[in-house]
Amino acid sequence: MSVEPVARSFAPEALGTAVHLRGWVLRSRSSGGIAFLLVRDRTGSVQVTARRDAIGAEGFDKVEHLPGESVVEVEGTVHADARAPGGREVRASAVRLLQVSEPFPIWSDQTEEFRLDHRHLTVRTQEMVAMVRLKAAMLRAFREFFDREEVLETTPPILSGNAAEGGSEAFTLDYFGKPGYLGQTAQLYLEALIAPHERVYALTSSFRAEKSRTPRHLTEYLHLEAELAWCDLEELMQFVERMLRQVLAELARRAPEELRLLGREPSELTSLPEPFPRVTYAEALERLRAKNFDLHWGSDIATAEERALSLEERAPLFLTHFPRELKAFYMLQSPHDERTVEAFDLLAPEGYGELVGASCRETDNTRLRERLVATGVNPEEYAWYLDLRRYGSVPHAGFGLGIERVLRWVTRREHIRDTTPFPRTPARLTP
Ligand code: 4AD
Ligand code: MG
């Protein structure tokens, strides 16, 4: 049996056509021998009107007062009706009741905690539906961009013997009696894959055991990472800017309704000032001191500092050339200043914080070993990674982008957990 999705009932040519839909009842009521059902399926929602004399008294009695989330199958015809949401309705010739739902426990004024405990049900709310669809549109846009730029999608592992972004924030596990980690980054594997493929990317779950409860940290997030051979910092900044502009333009084009529903006017995403502004760490310190931050060379640019730097920006801001002590062991020492690394963070405007972490990679094995030792790691644990610099080493650079971070900024969500259907935070492992 073929089923016409509801969306067809909104197509210009749908008026007068017969449709057959299955879906979930959002609301139902009756008046004057007509039942009104608002029915949701994957394409949206539409009003179904069912006359007692059209569908029969027995059927009518069953459907006129249905609990929300009950499931029905409807045959009918599309008509214009100015009073119906969307200006259209489906006039039913038959309504079959497939399941009568128990009273749905979700309504709008419940506490955030309650709604999170029932996330398996709140994923049906309008806001979560829009978010999940927007996220899908975003992933598709990223993949299209990488395709166009001839960057190959690859599949690095999640289970690993290395905690590449610092051991204290890695989830450890017992791997048949040996220490193992849940991946924090696919970077080291992507670096291995550039020798045969030059330009690679991966979309994987990354894990961070950060106990701090902040509105921008998840313990599991979707990490988009790319690694590019022959790439320097300037080229990497241009690549990332091009990527974000294109992805945001695609969102504005393909998901305008979702964006509006979530509080973002699509045109704001296509009119970001060009190019994205840039500031070095040293310049950032000066700007922040002028705002009465007490900072010196080597101070961390933490949440409050990032916020102060980006609050008044209208485009994402590149923050570059950090002191090397602040950053990971694999970052390339700047050729013009040995105190700094060839790296940038891209900060969202409006104070939403870091979206991208990026760097050129150190190719000198001696310096890599020194940096590992300086961070308290035995270089032998990274012997395989150090091999990459022994056999056909080339200049290269790469970045990691937090998908939920970008969504949080785009949809102006207070908390990052609202950008993903089943958020993982220090306090939440179920549902
Ligand atoms: O800056 P990070 O730690 O960089 C890396 O992991 C590099 N190895 C990436 C690379 O060069 N291949 O993480 C990259 C991005 C951050 O900019 C942020 O957007 C996101 O990952 N991120 C998180 N998102 C949500 N929750 C968390 N706890 C996150 N930690 C990092
Ligand atoms: Mg970072």
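Higher on the page you've got the structure.
What you see is a predicted model; the values in this text were computed from it and never measured.

As for the overall build of the protein chain
Line of reasoning, step 1. Along the backbone of the protein chain there are 14 helices and 18 strands.
Line of reasoning, step 2. In terms of overall dimensions, the protein chain has a C-alpha envelope of 85 × 50 × 40 Å along the principal axes.
Line of reasoning, step 3. Across the 431 residues of the protein chain, 50% fall into the buried class.
Line of reasoning, step 4. Contacts in the protein chain between residues far apart in sequence, at least 24 positions, make up 66% of those at least 6 positions apart.
Line of reasoning, step 5. Element-wise, carbon and sulfur atoms account for 50% of the exposed surface of the protein chain, whose accessible area totals about 20,900 Å².

Points about a nonpolar patch on the surface
Line of reasoning, step 1. A cluster of nonpolar side chains, namely Leu159, Tyr175 and Phe176, defines an oily patch on the protein surface of about 380 Å² accessible area.
Line of reasoning, step 2. Leucine 159 sits in the partly exposed class, given a relative accessible area of 46%.

Quick look at the nonpolar core
Line of reasoning, step 1. Counting 52 residues, the largest nonpolar core has Phe146, Met243, Phe344, Phe399, Leu401 and Ile403 as the members making the most contacts within it.
Line of reasoning, step 2. The set of elements that each furnish at least two residues to this core consists of helix H5 (126-148), strand E10 (199-207), strand E11 (220-229), helix H7 (233-254), strand E16 (343-348), strand E17 (353-360), strand E18 (396-402) and helix H14 (403-410).
Line of reasoning, step 3. Listed in part, the 26 residues of the second largest apolar core include Val279, Tyr330, Leu347 and Tyr382.

Looking at H5
Line of reasoning, step 1. Under the 1.5 Å per step criterion, the end-to-end length of H5 is 33 Å for 23 residues, consistent within 8% with the ideal 33 Å.
Line of reasoning, step 2. Residues Met128, Ala130, Met131, Leu134, Lys135, Ala137, Met138, Leu139, Ala141, Phe142, Phe145 and Phe146 constitute the buried set of H5.
Line of reasoning, step 3. Glutamate 150 sits one or two positions beyond H5 and adopts a positive phi of about 55°.

Quick word on the pattern of salt bridges
Line of reasoning, step 1. What the rule picks out here adds up to 37 salt bridges.
Line of reasoning, step 2. Overlapping salt bridges bring together Arg140, Glu144, Glu250, Arg253 and Arg254 as one network.

Describing the sheet that holds strand E4 (residues 71-80)
Line of reasoning, step 1. Taken together, the 5 strands give a closed barrel; going around it, the order is E1-E2-E3-E5-E4, and neighbouring strands pair in mixed fashion. If you compare each strand with its neighbour and ignore which way they point, the axes differ by 50° on average.
Line of reasoning, step 2. As paired strands, E4 and strand E5 (residues 88-99) are joined by 10 bridges and run antiparallel to one another. Counted as the bridge partner of valine 71 is glutamine 99 from E5.

Describing the site of ligand 1
Line of reasoning, step 1. Close to ligand 1 lie 23 residues; Glu165, Gln187, Glu225, Glu354 and Leu355 are nearest.
Line of reasoning, step 2. Glutamine 187 places a side-chain nitrogen or oxygen 2.7 Å from a nitrogen atom of ligand 1.
Line of reasoning, step 3. In this structure, an oxygen atom belonging to ligand 1 sits 3.1 Å away from a main-chain N or O atom of glycine 402.
Line of reasoning, step 4. Contact with the protein chains covers 93% of the free accessible surface of ligand 1, which is 620 Å².
Line of reasoning, step 5. When residues of the shell around ligand 1 are traced back to their parent elements, those giving at least two are E11, E17 and E18.

Re the sheet that holds strand E12 (residues 278-280)
Line of reasoning, step 1. Pairing in this open sheet of 8 strands is mixed, and the strands run E6-E10-E11-E18-E17-E16-E13-E12 from one edge to the other. Single-partner strands in this sheet number two, and they are strand E6 (152-153) and E12.
Line of reasoning, step 2. For E11 and E18, the ladder comprises 7 bridges, and the chain directions are antiparallel. Bridge assignment links leucine 228 to a residue of E18, and that residue is alanine 397.
Line of reasoning, step 3. Together, E6, E10, E11 and E18 form the strand contacts of helix H6 (residues 187-197), whose direction differs from that of E11 by roughly 30°.
Line of reasoning, step 4. Against the sheet, helix H10 (residues 281-290) contacts E12 and strand E13 (317-320), and its axis sits at roughly 90° relative to E12.

Considering the packing of H5 against H7
Line of reasoning, step 1. At a minimum axis separation of 9 Å, H5 and H7 run at an interaxial angle of 135°. Classified by the angle between their axes, H5 and H7 sit oblique to one another. Considering the relative orientation of H5 and H7, their crossing is right-handed. Counted together, Leu134, Ala137, Met138, Arg140, Ala141, Phe142, Glu144, Phe145, Phe146 and Arg148 of H5 and Phe239, Arg242, Met243, Gln246, Val247, Glu250, Leu251 and Arg254 of H7 form the full contact between these two elements.
Line of reasoning, step 2. Its residues placed into classes, the contact of H5 with H7 shows 11 nonpolar, 1 polar and 6 charged.

About the cut-offs
Residues numbered from 1 in each chain as written. Chains lettered and ligands numbered in written order. Predicted model: local features only at pLDDT ≥ 70, side-chain atom pairs only at ≥ 80, totals over all residues. Heavy atoms only, no water. Helix = DSSP H or I, 4+ residues; strand = E, 2+ residues; numbered from the N terminus. Buried < 20%, exposed > 50% of the residue type's maximum accessible area, 1.4 Å probe, protein only. Contact = heavy atoms within 4.5 Å. Areas by Shrake-Rupley, 256 points an atom, 1.4 Å probe, with all protein chains shown as cover. Patch = residues over 30% accessible without salt bridge, like charges linked within 9 Å, V, L, I, M, F, W, Y side chains within 5 Å. Salt bridge = Lys/Arg side-chain N within 4 Å of Asp/Glu carboxyl O. Core = buried A, V, L, I, M, F, W, Y, C linked by side-chain atoms within 4.5 Å. Expected span 1.5 Å × (residues − 1). Pairing = 2+ DSSP bridges. Axes fitted to C-alpha atoms, helices over the stretch in contact; angles between N-to-C directions. Near = heavy atom within 4 Å. Polar contact = N/O pair within 3.5 Å; in protein donor to acceptor, adjacent residues only side chain to side chain. Parallel < 35°, antiparallel > 145°, perpendicular 65-115°, else oblique. Left-handed = near helix turned anticlockwise from the far one by under 90°. Nonpolar A, V, L, I, M, F, W, Y, C, P; charged D, E, K, R; others polar.

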